[in-house]
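# Coordinates in review
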Amino acid sequence: MNPGLLIVVSGPAGVGKGTVVSLVRERDKDVIFSVSATSRSPRPGEIDGRNYFFVTRERFEDMIQKNELLEWVDYCGNYYGTPKAYVESELEKGRIVLLEIDVEGANNIKKKYPQCILVFIMPPSLEELRSRITKRGTETPEVIENRLKRAENEMQYSESYDHIIVNDTVEKAADRFLRIIRKERRKSAKQSKKQ
Ligand code: 5GP
């Protein structure tokens, strides 16, 4: 049976994960993206069901109660979580499923799926990250400081990841990511043949 491949990507907020992941999805149509649920409000341009499932805190807590989430976290005051049914059914079909989640969530997923691949996207420097978050202009100074503090903390987790990609330019980062996916796909196919 084709076992599917679970790829988890993390990196500090503002590092450009979303843009890199979009490019990867455009270029490799075999990659399925899991849309997370969140209680945070949509940013301008974000679409419900595409970027996130935007839900109320009450609905999110209901999802936790009903065990509908594979993992969830409270990140800087908002809930974020991975809907379970979709990921499980796509993996059963042997698909490559990509989760874009924070380091705490990634750690929880690794415990449940030890064979998953962890990819960390790094900014070239913390100064560059500050400038990217500030330029985005969607957060208040207080939220920016809060996210930068968490970013510094998150970067320490990168050592436990299988692959680290520096997002110096989106093109280069996406290329590196695609190469990693190809390599891991070959490895996983070889292993399932042996079993
Ligand atoms: P943002 O508000 O910038 O979209 O996301 C904040 C953080 O939440 C990012 O690090 C993002 O990767 C993470 N995140 C998004 N969805 C999920 C999820 O389903 N689970 C977890 N654990 N983190 C998530």
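Our subject is the structure listed above.
A short tour of the structure in this document, coming up. Computed from a predicted model, the values in this text were never measured in an experiment.

Procedures and definitions
Residues numbered from 1 in each chain as written. Predicted model: local features only at pLDDT ≥ 70, side-chain atom pairs only at ≥ 80, totals over all residues. Heavy atoms only, no water. Axes fitted to C-alpha atoms, helices over the stretch in contact; angles between N-to-C directions. Helix = DSSP H or I, 4+ residues; strand = E, 2+ residues; numbered from the N terminus. Left-handed = near helix turned anticlockwise from the far one by under 90°. Contact = heavy atoms within 4.5 Å. Nonpolar A, V, L, I, M, F, W, Y, C, P; charged D, E, K, R; others polar. Phe/Tyr/Trp six-rings, centres within 6.5 Å; stacked < 30°, edge-to-face > 60°. Buried < 20%, exposed > 50% of the residue type's maximum accessible area, 1.4 Å probe, protein only. Pairing = 2+ DSSP bridges. Near = heavy atom within 4 Å. Polar contact = N/O pair within 3.5 Å; in protein donor to acceptor, adjacent residues only side chain to side chain. Areas by Shrake-Rupley, 256 points an atom, 1.4 Å probe, with all protein chains shown as cover. Patch = residues over 30% accessible without salt bridge, like charges linked within 9 Å, V, L, I, M, F, W, Y side chains within 5 Å. Salt bridge = Lys/Arg side-chain N within 4 Å of Asp/Glu carboxyl O. Lys, Arg positive; Asp, Glu negative; His and termini not counted. Charge placed at Lys NZ, Arg CZ, Asp CG, Glu CD.

## A few points about the packing of helix α5 (residues 126-136) against helix α6 (residues 141-155)
- Where α5 meets α6, the closest approach of the two axes is 11 Å, and the angle between their N-to-C directions is 145°. Considering how the two elements wind past one another, α5 and α6 form a crossing that is right-handed. Contacts between α5 and α6 involve L126, L129, R130, I133, T134 and R136 on the former and, on the latter, I144, E145, R147, L148, A151, E152 and M155.
- Tallied by class, residues from the contact of α5 with α6 come to 7 nonpolar, 1 polar and 5 charged.

## A few points about the packing of aromatic side chains
- In this structure the tally under the stated criterion is 7 aromatic pairs.
- With centroids separated by 5.7 Å and ring planes inclined at 80°, the aromatic side chains of W72 and Y79 adopt a geometry described as edge-to-face.
- Taking relative accessible area as the criterion, W72 reaches 36% and is therefore assigned partly exposed.
- Classification of Y79 by relative accessible area gives buried; the value is 10%.
- Connected via pairs of aromatic rings, a cluster forms that spans Y52, F54, Y75 and Y80.

## Structural notes on the sheet that holds strand β6 (residues 78-83)
- Across the sheet, 4 strands lie side by side as β4-β3-β6-β5; this open sheet has mixed pairing. Looking at the sheet topology across the chains shown, the edges are occupied by β4 (52-54) and β5 (69-75). Neighbouring strand axes in the sheet, compared pairwise and without regard to direction, differ in orientation by 25° on average.
- As judged from the 3 bridges shared by strand β3 (residues 36-38) and β4, these two strands associate in the parallel manner. Bridge pairing links T38 to F54 in β4.

## Overview of the sheet that holds strand β7 (residues 96-100)
- Read across the sheet, 5 strands follow the order β2-β7-β1-β8-β9 without closing on themselves; strand pairing throughout is parallel. Pairing within the sheet leaves two strands with one partner each, and these edge strands are β2 (31-33) and β9 (163-166). Averaged over all neighbouring strand pairs, the angle between strand axes comes to 25°, with direction disregarded.
- Judged from the 3 bridges that link them, β2 and β7 form a sheet pairing that is parallel. Note that in β7 the partner of I32 across the bridge is V97.
- Of the strands in this sheet, β1 (5-10), β2, β7 and β8 (117-122) touch helix α1 (residues 17-27), which is tilted by about 165° from β7.
- Most of the contacts of helix α7 (residues 170-194) go to β9, to which it runs at about 160°, and overall it touches β1, β2, β7, β8 and β9.

## Concerning the site of the ligand
- Around the ligand there are 17 residues in total, and S36, R40, Y52, E71 and Y80 lie nearest to it.
- In this structure, an oxygen atom belonging to the ligand sits 2.9 Å away from a side-chain N or O atom of R147.
- For the ligand, whose accessible area on its own is 510 Å², the fraction buried by protein is 97%.
- Counting residues per element, the ones that place at least two in the shell around the ligand are β5 and β6.

## Details of a positive patch on the surface
- Together, R179, R182, K183, R186, K190 and K194 line one region of the surface with positive charge.
- One can find K194 in helix α7.

## Overview of the environment of R179
- Tracing the chain through its elements places R179 in helix α7.
- On the basis of relative accessible area, R179 is assigned to the exposed category, the value being 51%.
- Each C-alpha atom of the pair R179 and V21 lies 13 Å from the other, and the pair is 158 residues apart in sequence.

## As for the environment of E71
- Take E71: it is sitting in strand β5.
- Judged by its relative accessible area of 6%, E71 falls in the buried class.
- Considering only alpha carbons, one finds E71 and R43, 28 residues apart in sequence, at a separation of 23 Å.
- Those residues in contact with E71, other than ones at most four positions away along the chain, are Y80, G81, T82, I101, G105, N108 and I109.
- One polar contact links E71 to T82, side chain to side chain, over a distance of 2.5 Å.

Nothing here speaks to function; it is geometry throughout.
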